[in-house]
Amino acid sequence: MKLGIVGLPNVGKSTLFNSLTKAGAESANYPFCTIDPNVGVVPVPDPRLGQLAALYNSEKITPAVIEFVDIAGLVKGASKGEGLGNQFLSNIREVDAIVHVVRCFDDANVVHVDGNVNPLRDIETINLELIFSDMEVLERRISKTTKSAMGNKALAKELEVLKAMYAHLENGKLAKSFETDDEDELAFIQSLNLLTWKPVIFAANVAEDDLADDGAENSYVKAVRDFAAENGSEVFVICAQIEQEIAELDEDEKKMFLEDLGLTESGLEKLIAASYRLLGLISYLTAGEKETRAWTIRQGTKAPQAAGKIHSDFERGFIKAEVVNYQDLLDCKSYTAAKEKGLVRMEGKDYVVKDGDVVLFRFNV
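Quantities reported herein were computed from a predicted structural model and do not represent experimental measurements. Note that residues are indexed from 1 along each chain, following the sequence as it is written. It should be noted that, the model being predicted, local features are given only for residues of pLDDT at least 70 and side-chain atom pairs only at 80 or more, the latter also being counted only at that level, while totals for whole chains, interfaces and linings use all residues. Hydrogens and water molecules were not included; the side-chain quantities draw on all heavy atoms of the structure.

Moving on to the overall build of the chain. The helix and strand tally for the chain stands at 13 helices and 12 strands. Expected size for 365 residues packed as a compact globule is a radius of gyration near 21 Å; at 23 Å, the chain falls within 12% of this value. Projected onto its principal axes, the C-alpha positions of the chain cover 65 × 65 × 35 Å. Looking at the chain as a whole, 50% of its 365 residues qualify as buried. Contacts: residue pairs with any heavy atoms within 4.5 Å of one another. Of the contacts formed within the chain by residues at least 6 apart in sequence, a portion of 69% connects residues at least 24 apart. Note on conventions: DSSP H or I runs of at least 4 residues are helices, E runs of at least 2 residues are strands, and numbering of each starts at the N terminus. In this description the radius of gyration comes from C-alpha coordinates, and the expected globular size is given by 2.2 Å times residues to the power 0.38. With a 1.4 Å probe rolled over the protein chains alone, any residue whose accessible area is under 20% of its type maximum counts as buried; one over 50% counts as exposed, and the rest are partly exposed.

In structure tokens, the structure reads:
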């Protein structure tokens, strides 16, 4: 899974990126301090892996990972060359979802690029820049397709869709609000990699005092939540400064620190949960002496395609899957015991893999 982080300058974007990835992106109280896109790969916390590894005496544990891409703060006019942001928008065209960091705290010591805090205005500013960037992509595509569409029905149809989407964006609407029931059209639109087609998770960056109640009393957070609800987006509340402090701690210290703040999970864990919900993702597990590992798949994935995540040969030569729920396996204390109790099932090609399934694939090529 790949997530792109966007936001205005000085909203806590690079501080959040630093804390999520410990990658040390420069963070300073002035715009455009992030000049190159930063990329960090983060393991997905999953306590099930450690428990299974202990059961199997696994030599190594391999968690699922998320890749974060952080780009320079966008400002109004970025698409027309203002600031430095637009040249980096291409770096987030390949991401699965966008994490939009929105400032939801007042602090006279941290400059706001527009002079005062207003989350909805900030969201609109970023959305417009993403829309303008998408329009540029469509302009080039329309120009190219127009030249080739004469006498070609398929390309003429594509051109029609491109022009309809361009008109939609021109009205200030996001690509994802474009309506069509045509599956071919949908597949074509998805292939365009438009930024405003991507799912969005809003990271409401609050002051430490607003963390314990998850921003319930913060009017800025309420505005962001209302906007997200109307637009089918996720929201999680975070204090980027606190996350940076958490990032420096080991697991035991982190747990104590979170408890002192009245929290049960870190911002990273909130973000991962929101990402999995928004993208409809789950993890299945494989376990053995050599390795215990998590594999991320979409909900509804059938056994052969899940097997293909490990290796294309597994999917091509799929015979069956031996499946046991991880909790059942832990409760039985061994695979053999789980098998004796009838908890290990033999599943075929139509089996839909579930979150927490421990799977052994049988295949032959």
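We now examine the nonpolar core. In globular proteins that are soluble, nonpolar side chains generally tend to be buried together. The definition of a nonpolar core used throughout is a set of buried Ala, Val, Leu, Ile, Met, Phe, Trp, Tyr and Cys residues joined through side-chain atoms within 4.5 Å. Membership of the largest hydrophobic core comes to 72 residues, with the highest contact counts inside it found for Phe68, Ile92, Ile98, Cys104, Phe202 and Leu271. Residue contributions to this core peak at 6 residues, all from helix α9 (residues 267–279). In this structure leucine 271 touches Leu3, Leu20, Phe68, Val99, Ile201 and Phe236, once residues within four positions along its chain are discounted. Formed by 20 residues, the second largest nonpolar core is a distinct cluster that contains Ala149, Leu169, Phe178 and Leu194.

Turning next to the pattern of salt bridges. The salt bridge criterion pairs a side-chain nitrogen of Lys or Arg with a carboxyl oxygen of Asp or Glu, the two atoms within 4 Å. A complete count under the given rule lists 19 salt bridges for this structure. Linking aspartate 350 and lysine 302 is a salt bridge whose minimum nitrogen-to-oxygen distance equals 3.8 Å. With a gap of 48 residues between them, aspartate 350 in the loop between β11 (345–347) and β12 (357–363) and lysine 302 in the loop between β9 (291–298) and α10 (303–310) connect regions that are remote in the sequence. The exposure class assigned to aspartate 350 is exposed, which follows from its relative accessible area of 62%.

To continue, consider the pairing of strand β8 (residues 281–287). The two faces of the sheet receive side chains in turn, since in a regular strand these alternate between them. Burial analysis of β8 places 6 of its 7 residues in the buried class, which makes it a mostly covered element. Between any two strands, pairing holds if DSSP finds at least two bridges. As defined by bridge partners, β8 adjoins β9 across 7 bridges and the pair is classed as antiparallel. Of the residues in β9, the one forming a bridge with isoleucine 282 is isoleucine 297. The antiparallel pairing of β8 with β9 creates a hairpin that spans 3 residues between the two strands.

Moving on: the sheet that holds strand β2 (residues 38–43). One open sheet accounts for 6 strands, arranged β2-β4-β1-β5-β6-β7; its pairing is mixed. Each edge of the sheet is formed by a strand with only one pairing partner; in this case those strands are β2 and β7 (234–238). When the angles between neighbouring strand axes are averaged without regard to direction, this sheet yields 25 degrees. Pairing analysis gives 6 bridges linking strand β5 (residues 97–103) to strand β6 (residues 200–205), with the strands arranged parallel. Its bridge partner being in β6, valine 99 is matched across the sheet by isoleucine 201. Angular values range over 0 to 180 degrees, each being the angle between N-to-C directions of two axes fitted as lines to C-alpha atoms, with helices fitted over their stretch in contact. Running at roughly 145 degrees to β5, helix α3 (residues 119–148) makes contact with β1 (2–6), β5 and β6 of the sheet. Running over the sheet, α9 touches β1, β2, β4 (65–70), β5, β6 and β7 and is turned about 180 degrees from β7.

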